[in-house]
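Topology and contacts: notes
The lines below spell out each chain.
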Amino acid sequence: MTSNINLPRIMRIGAEASRMLPATLKELGLSRPLLVSDAFIVSLGWLETLEQQLDKEGIFHRRFTGVVPDPTTDAIYAGLAVLRENDHDCVVALGGGSTIDSAKAIAAMARRDQPIRHYKVPQTLDDGLPIIAIPTTAGTGSETTRVAVITDTETQEKMLCMGLGLMPVAALVDFELTMTMPLRLTADTGIDSLCHALEAYVSRKANPFTDTIALASMSAIAKHLPTACKEPDNREAREAMMLAATQGGIAFSNASVTLIHGMSRPIGALFHVPHGMSNAMLLPDISAWSISGAPARYATCARAMQLAQASDSDELANQKLVAGLRQLCADLQVPTPASFGISKAQWHDAIPTMAQQALDSGSPNNNPLIPDAAQIASLYQTVWGS
Ligand SMILES: [Fe+2]
């Protein structure tokens, strides 16, 4: 079997990588970037710093800072309007997953006329303006993926968009930008990365290239995420988490996510639960249900995360895996849907819609155990706790 691997052309990883935008643009022959960011990054002064670096090199640039969390089609159209005013030749994202996904959609839609929903999966976005991603969280891994998730303003559906037109041409991965991430964001984005690695490893589309990267990622996250949460200034933990997040992105972009992400997107869309947090709500129960489809693979995950001993049987390792994932979520104070503020009636009323959206995304088909709509509905009930 041939594995199909897609990666950015340039990756700069390490302290101060984010300062290499002018050099990266020159290397790629690009000269008119649109900078995409959000109000929070602007308030930190980081966008201005980037602009000063470009000014020093005499590089023309404009900014679009209207990115919203869980980016909407309306926000993308606003960014597209700025892009088209100034004849930009590339799009630079400075921010978290929402910002990078927004930049990707703006770049891929630059020369397209149909509404964005026309291009959601199973359609593909195969070309667009070059994208340079500078992530500020560790992280969605979006800097290395050919995926963007955009919420349709009219229907509230979280649409999955895929294609090489969404793959950044360069990623500047600088862990120093994550040193100020608050606890909740560190925990949520870290568990998102863990889900990327774990789902990529158990995916039906896993391959030898993604396997090694996924295992390295989950091993590092298990070791360093609690420290990054407890000691935000710990450079070793922040650096390890940033690399693990990028590796998680590479793994899932080339092996696909599975049932956790499939069921997570509708929770985010309907109840505005942050992406990593809704993954975390699902992680222990969905893993427990899926283990029988690939017990040896899940046991390898347990050992990579140091939750089980090399000498443990697969069955014991998998018991320890589920217990360890529950403990991790407890340690990182992941809320339940109820403690997040969702009522039981709201949750149960939404289950048929969430189950259908989860199935429509295609991600459940990559799961070791493939569920039907009724089983997904039942799993949403399990996650509620009833
Ligand atoms: Fe994710």
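Keep in mind that what you see is a predicted model, and the values were worked out from it rather than measured.

Overview of the packing of aromatic side chains
Following the criterion strictly, the structure yields 3 aromatic pairs and no others. With 5.9 Å between their ring centres and 75° between their planes, W347 and Y380 make a pair best called edge-to-face. You can see W347 sitting in helix α14 (residues 344-360) and its partner Y380 sitting in helix α15 (residues 373-384), a full 33 residues away along the chain. Exposure class is identical for W347 and Y380. Each is buried. Cation over ring: R32 sits above F60, and NZ or CZ is 4.0 Å from the ring centre. Sitting over the ring of Y201, R297 keeps its end group 4.2 Å from the ring centre.

Notes on the coordination of the iron ion
Distances from the iron ion to its protein donors, D192 (OD), H196 (NE2), H261 (NE2) and H275 (NE2), fall within 2.1 to 2.2 Å. In this structure, the iron ion is surrounded by 4 donor atoms whose angles at the metal cover 84 to 169°, and the resulting shape is irregular. The sequence pattern describing where the donors of the iron ion fall on their chain is D-x3-H-x64-H-x13-H. Within this pair, whereas H196 is found in helix α6 (residues 183-202), its partner H261 is found in helix α9 (residues 259-271), the two being separated by 65 residues in sequence. As far as the burial class goes, H196 and H261 line up, both buried.

Observations regarding helix α1 (residues 21-28)
Burial in α1 covers these residues: L21, P22, T24, L25 and L28. Along α1, the residues classed as buried sweep out an arc of 165° about the axis, all on the same side. Away from its buried face by more than 90 degrees, α1 exposes K26 and E27. Buried-residue contacts for α1 involve β1 (10-13), β2 (33-36), α3 (46-56), β4 (90-95), β5 (131-135) and β8 (170-173). With its phi angle positive at about 70°, G29 sits one or two positions after the end of α1.

Quick word on the environment of A251
The residue A251 is located in helix α8 (residues 235-255) in this model. Taking the C-alpha atoms as reference, A251 lies 9.5 Å from I5; in sequence the two are 246 residues apart. Not counting chain neighbours up to four residues away, the residues in contact with A251 comprise A200, T210, I213, A214 and S256.

A word on the sheet that holds β4
Sheets are built from strands paired through backbone hydrogen bonds, the pairs being either parallel or antiparallel. Read from one edge of the open sheet, 6 strands run β1-β8-β5-β4-β2-β3, paired in parallel fashion. One side of each edge strand has no neighbouring strand; the edge strands of this open sheet are β1 and β3 (62-64). Neighbour-to-neighbour, the strand axes of this sheet turn through a mean angle of 15°, independent of strand direction. The pairing of β1 with β8 spans 4 bridges and is classified as parallel. Across the sheet, residue I10 finds its bridge partner in β8, namely A170.

Some details on the packing of α6 against helix α10 (residues 275-290)
Where α6 contacts α10, the two axes come as close as 8 Å, and the packing angle between them is 50°. In terms of axis orientation, α6 runs oblique to α10. Of the two possible hands of crossing, α6 and α10 adopt the one that is left-handed. Where α6 approaches α10, its residues R184, D188, I191, D192, L194, C195, H196 and L198 are matched on the opposing element by H275, G276, M277, N279, A280, L283 and S287. For the contact of α6 with α10, the residue count by class is 7 nonpolar, 5 polar and 3 charged.

A closer look at the nonpolar core
I191, M218, M263, W347 and Y380 are the most contacted members of the largest nonpolar core, which totals 78 residues. The contacts of M218, once residues within four sequence positions are left out, are L194, A197, L198, Y201, C301, A304 and M305. Counting residues in hydrophobic clusters, the runner-up holds 29 residues, among them A93, A108, Y119 and I131.

Details of the pairing of β8
Both faces of β8 are covered, namely the face carrying A170 and L172 and the face carrying A171 and V173. Pairing geometry for β5 and β8, over 2 bridges, is parallel. What sits directly across from A133, in β8, is A171.

A few points about the pattern of salt bridges
Once the charged atoms of two side chains with opposite charge are near each other, the side chains can pair. Enumeration over the complete set of coordinates arrives at 15 salt bridges. In this structure, R63 engages E51 in a salt bridge whose closest nitrogen and oxygen atoms are separated by 2.9 Å. Here E51 lies in helix α3 and R63 lies in strand β3, a separation of 12 residues in the sequence. Its relative accessible area of 35% is what places R63 among the partly exposed residues. Residue E51 is classed as buried on the basis of its relative accessible area, which comes to 11%. Ionic pairing is found between K320 and D312, a salt bridge with its closest N-O pair at 2.8 Å. A single salt-bridge network, built from bridges that share partners, covers R117, D152 and E154.

Focus on the environment of D192
Tracing the backbone shows D192 in helix α6. By relative accessible area, which is 2% here, D192 ends up buried. Along the primary structure D192 and G141 are separated by 51 residues, whereas in three dimensions their C-alpha atoms are 9.0 Å apart. When near neighbours in sequence (up to four residues on either side) are disregarded, D192 contacts G139, T140, H261, H275, G276 and N279. A distance of 3.2 Å separates the side chain of D192 from the side chain of H261, its partner in a polar contact.

Reading the values: the criteria
Residues numbered from 1 in each chain as written. Predicted model: local features only at pLDDT ≥ 70, side-chain atom pairs only at ≥ 80, totals over all residues. Heavy atoms only, no water. Phe/Tyr/Trp six-rings, centres within 6.5 Å; stacked < 30°, edge-to-face > 60°. Helix = DSSP H or I, 4+ residues; strand = E, 2+ residues; numbered from the N terminus. Buried < 20%, exposed > 50% of the residue type's maximum accessible area, 1.4 Å probe, protein only. Lys NZ or Arg CZ within 6 Å of the ring centre and 35° of its normal. Donors = N, O, S within 2.8 Å, 3.2 Å for Na, K, Ca; no water. Tetrahedral: all angles 85-135°; square planar, octahedral: opposite > 155°, others 65-115°. Arc of directions from axis to C-beta. Contact = heavy atoms within 4.5 Å. Pairing = 2+ DSSP bridges. Axes fitted to C-alpha atoms, helices over the stretch in contact; angles between N-to-C directions. Parallel < 35°, antiparallel > 145°, perpendicular 65-115°, else oblique. Left-handed = near helix turned anticlockwise from the far one by under 90°. Nonpolar A, V, L, I, M, F, W, Y, C, P; charged D, E, K, R; others polar. Core = buried A, V, L, I, M, F, W, Y, C linked by side-chain atoms within 4.5 Å. Salt bridge = Lys/Arg side-chain N within 4 Å of Asp/Glu carboxyl O. Polar contact = N/O pair within 3.5 Å; in protein donor to acceptor, adjacent residues only side chain to side chain.

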